[in-house]
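Residues per chain are reported as follows:
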Amino acid sequence: MKNVYYFGKNKTEGEASMKYILGGKGANLAEMTKVGIPVPAGFTISTEVCKYYYDNNKQNPENLEQEVEENLKLLEAETGKKFGDENNPLLVSVRSGAASSMPGMMDTILNLGINSRAVESLAKSSNNPRFAWDAYRRFIQMYGSVVSGIEHIKFEHIIEEKKLEKGKKLDTEMTAEDWQEIVAAYKELYLIEKGAEFPEEAKKQLWGAIEAVIGSWNNERAIIYRRLNKIDENKVFGTAVNIQSMVFGNTGNESGTGVAFTRNPSTGEKKAYGEFLMNAQGEDVVAGIRTPRLLSELEKENKEIFDELMAVFKKLEDHYRDMQDVEFTIERGKLYILQTRNGKRTGLAAVKVAVDLVAEGMISEKEAINRVEAEMLNQLLHPRIDNKAKSSFKLIAKGLPASPGAVSGEVVFNAESAVEAAEEARKVILVRAETSPEDLAGMNAAMGILTARGGMTSHAAVVARGMGKCCVSGCEEIIVDENNLQIRIGGLTIGEGEVITLDGSTGEVFLGKVPTVEPEMSGDFGTLMGWANKIRKMGVRTNADTPKDAKTARDFGAEGIGLCRTEHMFFEEDRIFAVRQMIVADTVEQRQLALEKIFPMQKNDFKQLFEIMAGLPVKIRLLDPPLHEFLPKENEDIEKIAKEMEITVEKLNEKIDSLHEFNPMMGHRGCRLGITFPEIFEMQVKAIMTAAKEVGGGVVPEIMIPLVGEVREFSWLKERLAKIADQFGIKYEMGTMIEIPRAAITADEIAAEADFFSFGTNDLTQMTYGFSRDDAGKFLKDYAEKKIIPEDPFKSVDQKGVGKLMEMAIKLGRGVKPELHIGICGEQGGDPETIKFCQKIGLNYVSCSPYRVPIAILAAAQAETNQ
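All figures in this text were calculated on a predicted structure; none of them were measured in a lab.

S.K.: What exactly am I supposed to notice about the overall build of the protein chain here?
M.R.: For the protein chain, the count of helices and strands is 36 helices and 31 strands. For 867 residues, the compact-globule estimate of 2.2 N^0.38 gives 29 Å, and the C-alpha radius of gyration of the protein chain, at 32 Å, lies within 12% of that figure. If one aligns the C-alpha atoms of the protein chain with their principal axes, the spans along those axes are about 105 × 60 × 55 Å. Within the protein chain, the proportion of its 867 residues that are buried is 57%. For the protein chain, restricting intrachain contacts to residue pairs at least 6 apart in sequence, the fraction spanning at least 24 positions comes to 68%. As presented, the protein chain carries roughly 36,200 Å² of accessible surface, and 49% of it is formed by carbon and sulfur atoms. Side chains of the protein chain give 108 positive and 132 negative charges; the mean places of these two sets differ by 4 Å.

Below you can see the structure in the form of structure tokens.
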């Protein structure tokens, strides 16, 4: 096995396509060398060595040391310097570099090879003792921290104390003698901390650094970064180690260092954007030790270097056909490029750069849609926190980023207060331990929702995303005291009426009103969506229960409604009384009287949806949740409602008690409710069909029976409901959700009766795993950290388990009806990875929250191009 690959003028063994072996950094260093970019020579230890190291009890391959020695000799020959030599020392950097970019997550060591004798010869040969001793102190500081594990702050304290003693503020004011004294203090610290002298031998330094960089693959921040960015370790494992001859930006005012993007990473504007410092090393720019200068100022400082840098930027963009993130160093007036990679960018910039590159003839439309991560579109669809302003505000807690956007408002603790505030034109944040369907009016009235409990698919999260409301859920740091109307976070108490800000894209909660930036829906966005719509084959519908949701989704390009949850309509103020009358009724006749009051309201709900969708399909799920959710829980509310309904508190309590269930999610709900109380479903079907007939225009309603697990449940209800639907003389479809494992296993039987299937993956996931989606957040984080599961299965479909049930249901269903129309309407329907899976297994469409429709459209196009 080859472990080490050289790059330099005399020999280059790698190229850009080898990123899984050389890591992104090593592959690009080799590629740049090949195309004539000025890159300091070096060599790369492959990612396979890192994998071997972890697979073999932290041992390196036997031949690694010999290969490193051979490549050091090549480097010595190219540079004319000798590694470990006291008179003409070769100094190197040792840097990490995985196949997937992980900026700042792993370790780097600069100036390696210097020691107490080499520093003297470096001072003499450079005629710059200050530079030499500065380089030595930087090396000790990096090596001591990265390799030997001494806290970085201890080195910083020594510098700060010395500056104070000398009456100096900036590093640039320090003299050679000052740095010499700091080197002595650093070595003393090392001796105290490690019980040994700081290593002088260059080879010992090198192997310590190599092992530390390989070890940094599994440091805490790298592990967290991979988890958050969904980097699959089965595909991308290990970091490469890049050993490169040093070039110095801190040799004087004719030297410098910088980091730049070939286009603006915030806006996508075609203009180089970056920062630089003269007489500095790279860490000074990124660490904020000194305030960097804007790249545009370099043109005034050194026009020749600036023009050369711009030419390099153009060459890199032309070669890689994408915006580049570049690190550079100027050593005594000569430009070197230390790294290039595809630049990280905002959603706004990603869209603009992709569209511009097509216009410039650099990439195709198909390539453009794959240049924008679908999730990035979230940033374009919701207000965003002003990042320049947020550092001035106190971050008080962090939860799950359940629904994106950024909002500020007064804290309120119940739905009634939120509604009252909205009527008074006050902006509020509804804070609850957890939400229930009863909070719907308050959630609608509030600017945003904050909950202490619940996951990414909890009630609060699902409803908030559907409404396009900002939501932070599962914020376990906060204690919600609804009795005393206050939140407690550590020693901080926030009362009703105080203002907080939620960032639904990060899960952050701030004290006070943080300024926001409105989304910019540029023409580039429309252009990109147009290309995606041309390419994709899979349909995209929306989950919508209100005219506002339906219109929003339609404007974003939804091709119909894949899920209308009728229970949300039941909570509206104009009908909740009649709903409760229906629930407490003792006879069928009493129940039907109450349903007759609800009927015209339901009919009007459906009419509005049919009109907005203008002939596009509308899939309406009949009542799903258990009846107890529509009844009050607090004594005060029970007394009030009993009085309104002219029944005794005892009778209402008896009804509430009779409906109580130990596990309501698996209880008397969905089709089970319809079988016990068929008149409820009959009223809903009558309302659907009446609305469709009144709207006309070829509306074909799709009636969906929920929670079917046995074909006879479906056929019993279908027989009754079809008698009503058939009376209207218009076409309709009647199908079911596949959300119980048994339904997937017996899908052939169900398909014989049903016109369509729709996967309800929220319930299918919780019933397959045996996880409660509202409680699983308490332990799923531990599961992810311990690599028991790759990620939360409620966010992205578990393809190995739930996915197999889906594939089984499709195969069985279409074995009976080859043209069976099948979609997905669970929350995962808006997840790009799930959408790719849905394309692969042959679904006709996905359905998602209105604000995720553009994300789903782009992901569906990407799935089509990447088959």
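S.K.: Even after reading the chapter, I still don't get the pattern of salt bridges, so can you show me in this structure?
M.R.: Pairing is possible between side chains that carry opposite charge, provided their charged atoms lie close to one another. Per the counting criterion, the structure on display carries 57 salt bridges. A salt bridge links Arg117 to Glu200; the shortest N-O distance between them is 3.4 Å. Linking Arg117 in the loop between strand S4 (108–112) and helix H4 (118–126) with Glu200 in the loop between helix H7 (176–194) and helix H8 (202–215), this pair joins segments that are 83 residues apart in sequence. When its relative accessible area of 40% is taken as the criterion, Arg117 is described as partly exposed. For Lys718, the salt bridge goes to Glu753, with nearest N and O atoms at 3.9 Å. Of this pair, Lys718 sits in helix H29 (residues 711–725) while Glu753 sits in the loop between helix H31 (747–751) and strand S29 (756–759); the two residues are 35 residues apart in sequence, bridging distant segments of the chain.

S.K.: Got a minute to help me understand the packing of aromatic side chains in this structure?
M.R.: Two measures describe an aromatic ring pair: the distance that separates the ring centres and the angle between the ring planes. All chains considered together, the criterion is met by 16 aromatic pairs. Seen from their ring centres, Phe139 and Tyr143 are 5.5 Å apart, and the 55 degrees between their planes marks the pair as tilted. One end of the pair, Phe139, and the other, Tyr143, are both in helix H5 (residues 129–146), four residues apart, so they sit about a helical turn from each other. Tyr143 shares its class with Phe139; the two are buried. When the centroid spacing of 6.2 Å and the interplanar angle of 80 degrees are considered together, the rings of Phe771 and Tyr783 count as edge-to-face. Within this pair, whereas Phe771 is found in the loop between helix H32 (761–769) and helix H33 (777–785), its partner Tyr783 is found in helix H33, the two being separated by twelve residues in sequence. We classify Phe771 as buried; its relative accessible area is 12%. Members of the aromatic cluster, joined through ring pairs, are Tyr53, Tyr54, Trp217 and Phe237. Residue placement shows Arg137 over the ring face of Trp179; its charged tip is 4.2 Å from the ring centre.

S.K.: What am I meant to see in the environment of Lys203 here?
M.R.: Its place among the elements puts Lys203 in helix H8. You can call Lys203 partly exposed: its relative accessible area is 30%. Setting aside its immediate chain neighbours within four residues, Lys203 contacts Glu69, Leu72 and Phe83. Here the side chain of Lys203 touches Glu69 through a polar contact of 3.1 Å, side chain to side chain.

S.K.: What should I look at first to understand the sheet that holds strand S8 (residues 293–294) in this one?
M.R.: Through backbone hydrogen bonds, the strands of a sheet pair up, either in parallel or in antiparallel fashion. Ordered in space as S8-S7-S6-S9-S10, the five strands form an open sheet in which the pairing is antiparallel. Each having just a single partner strand, S8 and strand S10 (334–342) make up the two edges of the open sheet. By the bridge criterion, six bridges tie strand S6 (residues 256–261) to strand S9 (residues 324–331) in an arrangement that is antiparallel. Bridged to Ala260 within S9 is Val326. Strand contacts of helix H12 (residues 303–320): S6, S9 and S10, with the helix running at about 30 degrees to S10, the strand carrying the most contacts.

S.K.: Mind showing me how you'd approach the side chain of Glu682 here?
M.R.: Structurally, Glu682 can be placed in helix H28 (residues 678–695). Sequence-distant contacts of Glu682, that is, excluding residues within four places in its chain, are made with Arg720, Leu721 and Ile724.

S.K.: Teacher, can you tell me more about unusual backbone geometry here?
M.R.: Most peptide bonds take the trans form, and the phi angle of most residues other than glycine is negative. One non-glycine residue, Ala425, lies in positive phi territory at about 65 degrees. Tracing the chain through its elements places Ala425 in the loop between helix H17 (415–423) and strand S15 (428–432). Among the residues examined, Ala425 registers a relative accessible area of 70% and is labelled exposed. Residues other than glycine seldom take positive phi values, yet Lys787 does so here, at roughly 60 degrees. Along the polypeptide, Lys787 turns up in the loop between H33 and helix H34 (802–816).

S.K.: Would you mind showing me how to read the sheet that holds S29 here?
M.R.: With respect to topology, eight strands assemble into a closed barrel ordered S24-S25-S26-S27-S28-S29-S30-S31, the strand pairing being parallel. Sheet twist, expressed as the mean angle between neighbouring strand axes with direction ignored, is 25 degrees. Across four bridges, the pairing between strand S26 (residues 618–621) and strand S27 (residues 701–705) is parallel. Residue pairing for S27: Ile620 is matched across the bridge by Ile703. Against the sheet, H29 engages S27 and strand S28 (733–738), with an angle of about 155 degrees to S28.

S.K.: Can you walk me through helix H36 (residues 853–865) in this structure?
M.R.: Owing to its 3.6 residues per turn, the α-helix aligns residues three or four sequence positions apart on the same side. Spanning 13 residues, H36 covers 19 Å between terminal C-alpha atoms, matching the ideal 18 Å at 1.5 Å per step. Burial within H36 is extensive, with twelve of its 13 residues counted as buried. The set of residues buried in H36 consists of Val853, Pro854, Ile855, Ala856, Ile857, Leu858, Ala859, Ala860, Ala861, Gln862, Ala863 and Glu864.

S.K.: Hey, could you run me through the pairing of strand S16 (residues 448–451) in this one?
M.R.: A regular strand places its side chains so that they alternate between the two faces of the sheet. The alternating pattern of S16 places Gly448 and Leu450 and Ile449 and Thr451 on opposite faces, both of which are buried. In the sheet, S15 pairs with S16 via four bridges, with the strands oriented parallel. In the sheet register, Ile429 faces S16, and the bridge partner there is Gly448.

S.K.: When you look at H17 in this model, what are you seeing that I'm missing?
M.R.: The set of residues buried in H17 consists of Ala415, Ser417, Ala418, Val419 and Ala421. Buried residues in H17 make contact with strand S14 (406–412), S15 and helix H18 (440–445). After H17 finishes, the residue Ala425 shows a positive phi value of roughly 65 degrees.

S.K.: Any chance you could explain the environment of Gly80 here in plain terms?
M.R.: For Gly80, the position within the fold is in the loop between helix H3 (64–79) and strand S3 (92–98). Since its relative accessible area comes to 52%, Gly80 is described here as exposed.

S.K.: Would you take a moment to explain the nonpolar core for this structure?
M.R.: For soluble globular proteins, the rule of thumb is that nonpolar side chains tend to be buried together. Judged by nonpolar contacts, the single largest core of 141 residues is most densely connected at Phe610, Ile705, Phe757, Phe759, Met806, Leu843 and Leu858. Element by element, the count of residues in this core is highest for H28, at nine residues. If sequence neighbours within four positions are ignored, Ile705 has contacts with Leu622, Cys671, Phe714, Leu717, Lys718, Leu721, Met734, Gly735, Thr736 and Met737. With 67 residues, the next largest nonpolar core counts Tyr6, Leu64, Ile150 and Ala209 among its residues.

S.K.: Please explain a negative patch on the surface as it appears in this structure.
M.R.: Negative charge collects at one region of the surface, where Glu416, Glu420, Glu423, Glu572 and Glu573 lie side by side. Among the secondary structure elements, Glu572 is positioned in the loop between helix H22 (566–570) and helix H23 (576–584). The exposure class of Glu572 is partly exposed, given its relative accessible area of 37%.

S.K.: How should the pairing of strand S2 (residues 42–45) be read in this particular structure?
M.R.: Burial along S2 is two-sided: Gly42 and Thr44 facing one way and Phe43 and Ile45 facing the other are all buried. The pairing of strand S1 (residues 4–7) with S2 spans four bridges and is antiparallel. If you follow Phe7 over to S2, its bridge partner there is Gly42. Sheet topology note: the S2/strand S5 (residues 239–245) ladder contains four bridges and is antiparallel. The residue bridging Ile45 from the neighbouring strand is Val241, located in S5.

Rules and cut-offs
- Residues numbered from 1 in each chain as written.
- Predicted model: local features only at pLDDT ≥ 70, side-chain atom pairs only at ≥ 80, totals over all residues.
- Heavy atoms only, no water.
- Helix = DSSP H or I, 4+ residues; strand = E, 2+ residues; numbered from the N terminus.
- Rg over C-alpha atoms; globule rule 2.2 N^0.38 Å.
- Buried < 20%, exposed > 50% of the residue type's maximum accessible area, 1.4 Å probe, protein only.
- Contact = heavy atoms within 4.5 Å.
- Areas by Shrake-Rupley, 256 points an atom, 1.4 Å probe, with all protein chains shown as cover.
- Lys, Arg positive; Asp, Glu negative; His and termini not counted.
- Charge placed at Lys NZ, Arg CZ, Asp CG, Glu CD.
- Salt bridge = Lys/Arg side-chain N within 4 Å of Asp/Glu carboxyl O.
- Phe/Tyr/Trp six-rings, centres within 6.5 Å; stacked < 30°, edge-to-face > 60°.
- Lys NZ or Arg CZ within 6 Å of the ring centre and 35° of its normal.
- Polar contact = N/O pair within 3.5 Å; in protein donor to acceptor, adjacent residues only side chain to side chain.
- Pairing = 2+ DSSP bridges.
- Axes fitted to C-alpha atoms, helices over the stretch in contact; angles between N-to-C directions.
- Expected span 1.5 Å × (residues − 1).
- Core = buried A, V, L, I, M, F, W, Y, C linked by side-chain atoms within 4.5 Å.
- Patch = residues over 30% accessible without salt bridge, like charges linked within 9 Å, V, L, I, M, F, W, Y side chains within 5 Å.

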